[in-house]
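# Remarks on the overall topology
Chain by chain, the residues run as shown.
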Amino acid sequence: MQLTTTLTEQIVQNRIREVGINPNYWYPVGWADRVKPGRVIPVTVWQQAIAVFRDDGGRLYALEDACPHKGVALHKGEIQGCHLLCPYHGWEFNGMGECVKIPYFPPEQKLPPAKARHYPVREKYNLIWVFPGDATLADSTPLPEIPEYDDPQWLGVPIPAHFRAHFSTCNENTMDVFHGFLHRGLQGWFDPVLLNLSAGDNFVRADYRVSYRGLATQFLGISDRGDRVTTKTVSIGYNYPHYCSSLEGLSSIYLMRLPVGKVETRSFSYLFLKLPLPQWLLKSLKPQLTSLIWRFLFKRFLDQDVEMVESEQQNYMADPQRKYLEVNPAIIALQRTIIKQYELFLKSSPAETNGQGDRAYSSRATMEQQERKGA
Ligand code: FES
Ligand SMILES: [Fe+2]
């Protein structure tokens, strides 16, 4: 649906800072190459603690991070072959979360039906993806498409980020091109204009015209002359729950969001650039260039954003009833999509189990339904 691009004031619905996620999507939880065979890491997807482990054969699994014996965190355990051993009494779990051995049981004794919830898990774009919702929907739900990832003409810069803020605040920062003012000391963009805006239940797309000037712009291949003003169109696509933005095919950013909890959010992003350098040089300098761009350019932008977003969260928590004004219709559209997705999840998740005996899934849905009723 096409929406107006006129900037008019609207009261922000405070409810946006309290909504949960729609868990029926794939969420990134870590960089895949950091989890070597035999390693287990703790991750959290919207308050669900999960132990992600790679068995000795290289396969990834994701289990609820609580031993079904006494609730000890399974990520504190160890991998033996393709099993995860709880650190407390050594109960052994396979990748489906089933207890397959209790070391102090005689071999002939039947094992109790102890089971940790298991989550669908995938590995793509050097990211580990977990599906925290209804596992029966995982196969039919696509991961984001990142065509630049395997294309040698693009230089991909991985960008991790961590915010002490609700995911809605972080997502608004990404959609909000009018905050170029914040980055004015870093040769960021200026003179933004919202050109087009469209939105639906699971997406928002906004095209903005922006101007650039400066040597960094030239280095990044955005213009030939850093001393002149260059005007471009940046297209920002929010495809719930992640982002894909492009600057006229010259650069793009894929931002994969991980809502950790009510006031904690992470993201795993890739910035893709077409640098004005020959292919052979680009290939041989790739590690140095990626670290240079991350440390001296992108991280400085990100640090400024983190400070703003966290400050916004602090003031929201100090007075949740206070009203704030928004003037960018793209932000209002984004808030509607986030709320809509949460409502769709609440409607689609009955209080009973999801047919897989997934206690955590159903109890989360019930808890969130109750919270909503009480709100
Ligand atoms: S608590 Fe895990 S084996 Fe006992
Ligand atoms: Fe920013």
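Residues numbered from 1 in each chain as written. Chains lettered and ligands numbered in written order. Predicted model: local features only at pLDDT ≥ 70, side-chain atom pairs only at ≥ 80, totals over all residues. Heavy atoms only, no water.

## Quick look at the layout of surface pockets
To find the voids left in a structure, one rolls a probe of water-molecule size over its atoms. Its volume calculated, the largest pocket comes out at about 630 Å³. Along the walls of the largest pocket sit 25 residues, with R17, E172, D176, E312 and E326 positioned nearest its centre. Per-element tally for the lining of the largest pocket: the top contributor is helix α3 (residues 279–318), with 5 residues. Of the residues in the lining of the largest pocket, the class split is 12 nonpolar, 8 polar and 5 charged. (1 Å grid on protein atoms, 1.4 Å probe; cavity = no way out; pocket = protein on both sides within 12 Å on 5 of 7 lines; lining within 4 Å. Points joined across faces, edges and corners; volume = space filled by probe spheres on them. Helix = DSSP H or I, 4+ residues; strand = E, 2+ residues; numbered from the N terminus. Nonpolar A, V, L, I, M, F, W, Y, C, P; charged D, E, K, R; others polar.)

## Concerning helix α1 (residues 167–175)
By the criterion of burial, α1 is predominantly enclosed, with 9 of the 9 residues buried. Of all the positions in α1, only F167, S168, T169, C170, N171, E172, N173, T174 and M175 are classed as buried. (Buried < 20%, exposed > 50% of the residue type's maximum accessible area, 1.4 Å probe, protein only.)

## Remarks on the domain arrangement of the protein
By domain assignment, the protein separates into domain 1 (1–26 + 150–375) and domain 2 (36–130). For domain 1 and domain 2, the distance between their C-alpha centres works out to 32 Å. Across the contact, 22 residues belong to domain 1 and 17 residues belong to domain 2. Contact between domain 1 and domain 2 buries roughly 1,700 Å² in total, counting both sides, with carbon and sulfur atoms accounting for 64%. At the junction of domain 1 and domain 2, the tally comes to 0 salt bridges. At the junction of domain 1 and domain 2, the tally comes to 4 residue pairs in polar contact (both at pLDDT 80 or more). (Domains from an automatic or database assignment. Contact = heavy atoms within 4.5 Å. Buried area = accessible area lost by both parts, 1.4 Å probe. Salt bridge = Lys/Arg side-chain N within 4 Å of Asp/Glu carboxyl O. Polar contact = N/O pair within 3.5 Å; in protein donor to acceptor, adjacent residues only side chain to side chain.)

## A word on the coordination of the iron ion (ligand 2)
H179 (NE2), H183 (NE2), D305 (OD) and D305 (OD) make up the full set of protein donors to the iron ion (ligand 2), lying at 2.1 to 2.3 Å. The coordination sphere of the iron ion (ligand 2) comprises 4 donor atoms, whose angles at the metal cover 58 to 137°; the geometry is irregular. (Donors = N, O, S within 2.8 Å, 3.2 Å for Na, K, Ca; no water. Tetrahedral: all angles 85-135°; square planar, octahedral: opposite > 155°, others 65-115°.)

## Section: the confidence of the model for the protein
Averaged over every residue, the pLDDT of the protein is 91; the share at 70 or more is 93%. Across residues 352–362, where pLDDT falls below 50, the model places 24 contacts with residues more than four positions away in sequence or in other chains. (pLDDT = per-residue confidence, 0-100.)

## A word on the sheet that holds strand β4 (residues 48–54)
Sheet architecture is open: 4 strands sit in the order β3-β4-β5-β10, paired in antiparallel fashion. Two strands lie at the open edges of the sheet, namely β3 (40–45) and β10 (118–119), each paired on one side alone. The pairing of β4 with strand β5 (residues 60–64) spans 5 bridges and is antiparallel. Bridge pairing in β5 links A51 to L63. (Pairing = 2+ DSSP bridges.)

## Describing the nonpolar core
Ranked by internal contacts, the top residues of the largest apolar core, which has 87 residues, are V52, M175 and Y208. It is helix α4 (residues 329–348) that provides the largest number of residues to this core, a total of 9 residues. Setting aside chain neighbours within four positions, we find M175 in contact with V204, A206, Y208, I236, Y238, Y243, N328, A330, I331 and L334. Membership of the second largest hydrophobic core comes to 16 residues, among which are A51, L84, I102 and A114. (Core = buried A, V, L, I, M, F, W, Y, C linked by side-chain atoms within 4.5 Å.)

## Some points on the packing of α1 against α3
One way to put it is that α1 packs onto α3 with a least axis distance of 10 Å and a crossing angle of 135°. Classified by the interaxial angle, the pair formed by α1 and α3 is oblique. Crossing geometry of α1 relative to α3 is assigned as right-handed. Every residue of α3 that contacts α1 at T169, C170, E172 and N173 is listed here: D305, V309, E312 and Q313. For the contact of α1 with α3, the residue count by class is 2 nonpolar, 3 polar and 3 charged. (Axes fitted to C-alpha atoms, helices over the stretch in contact; angles between N-to-C directions. Parallel < 35°, antiparallel > 145°, perpendicular 65-115°, else oblique. Left-handed = near helix turned anticlockwise from the far one by under 90°.)

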